[in-house]
Amino acid sequence: MLVIQIITFGLILAALIMIERSSIESIDYEVFLSAILMVSIYLILRYSLDWAVGYIFNCQKILSVYRYQRLSFHHLISLVLLFLFTAAYFSRTSFEMITPVFLTGVIFGLLVTLFYSVRRNSTTLITNFFYFILYICALEIAPYALLYQAAMA
């Protein structure tokens, strides 16, 4: 499932990079490989930092449940997006038209994941609100902004 997630988000990132550069009809193989590499590095760094934060603040048990829920939702999002991406590819729809739809889907899916996890763990989050805000800023929002900046550079 993790490989499917990496391939799906790599496809979407590669399409975004190709649209930013010029009008495209298909995704360049080298851009796709670099997008997969960026997504893989991002996931490795994110889960390493997530583990380190849990270890430092002594909340591994709480974060392991949250990490599993988030990973399950990300797998589900990637399966749906891979299906939609494949359907759009074989219908010969322009990548310039479908990429905003996929990006909106990714953002919506990630927000649903975040809200579901917050609602499910609300009692724990209220008692540790400062750590939750720190976690959201450091490991949920900032990596996406950094990944976007790296992809556009």
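Residues numbered from 1 in each chain as written. Predicted model: local features only at pLDDT ≥ 70, side-chain atom pairs only at ≥ 80, totals over all residues. Heavy atoms only, no water.

## Observations regarding the overall build of the protein chain
To keep things clear, this is the line we draw: Strands are runs of DSSP state E lasting at least 2 residues, helices are runs of H or I lasting at least 4, and numbering of each runs from the N terminus. Buried residues are those whose accessible area, probed at 1.4 Å on protein chains only, stays under 20% of the maximum for their type, while exposed residues exceed 50% and partly exposed ones sit between those limits. We call two residues in contact when some of their heavy atoms are within 4.5 Å. We get accessible surface area from the Shrake-Rupley algorithm with a probe of 1.4 Å; when it comes to residues, only the shown protein chains can shield them.
The secondary structure content of the protein chain amounts to six helices and zero strands. Mapped from its N terminus to its C terminus, the protein chain presents α and β elements in the order α-α-α-α-α-α. Classification of the 153 residues of the protein chain by burial places 38% in the buried group. Relative to all contacts within the protein chain whose residues are 6 or more apart in sequence, the contacts with residues 24 or more apart total 73%. Accessible surface, the protein chain: about 9500 Å² in total, of which carbon and sulfur atoms supply 73%.

## Structural notes on the packing of helix H2 (residues 29–56) against helix H3 (residues 60–90)
Spelled out, the test is: Helix axes use the C-alpha atoms of the stretch in contact, all axes being lines fitted to C-alpha atoms, and the angles between their N-to-C directions lie in the range 0 to 180 degrees. An angle below 35 degrees is treated as roughly parallel, one above 145 as roughly antiparallel, one from 65 to 115 as roughly perpendicular, and anything else as oblique. In this scheme the handedness of a crossing depends on how the near helix is turned from the far one: anticlockwise by less than a right angle means left-handed, clockwise means right-handed. We call Asp, Glu, Lys and Arg charged. Ala, Val, Leu, Ile, Met, Phe, Trp, Tyr, Cys and Pro are nonpolar, and the rest, Gly among them, are polar.
Closest axis-to-axis distance for the H2/H3 pair is 9 Å, and the angle between their directions is 160 degrees. Considered as vectors, H2 and H3 are oriented roughly antiparallel to each other. H2 and H3 meet at a crossing whose hand is right-handed. For the pair H2 and H3, the contacting residues are Arg46, Tyr47, Asp50, Trp51, Val53, Gly54 and Tyr55 in the first and Gln60, Leu63, Arg67, Arg70, Leu71 and His74 in the second. Residues of the contact of H2 with H3, tallied by class, amount to six nonpolar, three polar and four charged.

## Topic: the packing of aromatic side chains
Here the distance between the centres and the angle between the planes together describe a pair of aromatic rings. Our working definition: Put simply, two rings from Phe, Tyr or Trp (the six-membered ring, in Trp's case) pair if the centres are within 6.5 Å, and we call them stacked under 30 degrees between planes, edge-to-face over 60, tilted for the rest.
The final tally for this structure, using the stated rule, is one aromatic pair. Ring geometry for Trp51 and Tyr55: centres 5.4 Å apart, planes at 10 degrees, overall stacked. Residue Trp51 and its partner Tyr55 are located together in helix H2, separated by four residues, close to a single helical turn.

## Comments concerning H2
Along an α-helix, a turn takes 3.6 residues, which lines up residues three or four apart on a common side. Let me state the cut-off plainly: Given the number of residues in a helix, its expected span is that number minus one, multiplied by 1.5 Å.
Here H2 spans 40 Å end to end across 28 residues, near enough to the 40 Å set by a 1.5 Å rise per residue. Asn58 sits one or two residues past H2 and shows a positive phi near 55 degrees.

## Examining a nonpolar patch on the surface
Definition in use: Exposure above 30% relative accessible area and no salt bridge define the residues that can form patches, which grow by joining like charges within 9 Å and nonpolar side chains of Val, Leu, Ile, Met, Phe, Trp and Tyr within 5 Å. The term salt bridge refers to a pairing of a side-chain nitrogen on Lys or Arg with a carboxyl oxygen on Asp or Glu at a separation within 4 Å.
Side chains of Trp51, Tyr55, Ile56, Phe57, Phe130, Tyr131 and Leu134 sit close together on the surface and give an oily, nonpolar patch of about 820 Å² of accessible area. Looking at the nonpolar patch, the elements with two or more residues in it are H2 and helix H6 (129–152).

## A few points about the confidence of the model for the protein chain
Defined as follows: The predictor's confidence in any single residue is recorded as pLDDT, a number from 0 to 100.
Of all residues in the protein chain, 90% have pLDDT values of 70 or greater, and the mean over the chain is 78. The element-level mean pLDDT for the protein chain is lowest in H6, coming to 71, with H2 highest at 85.

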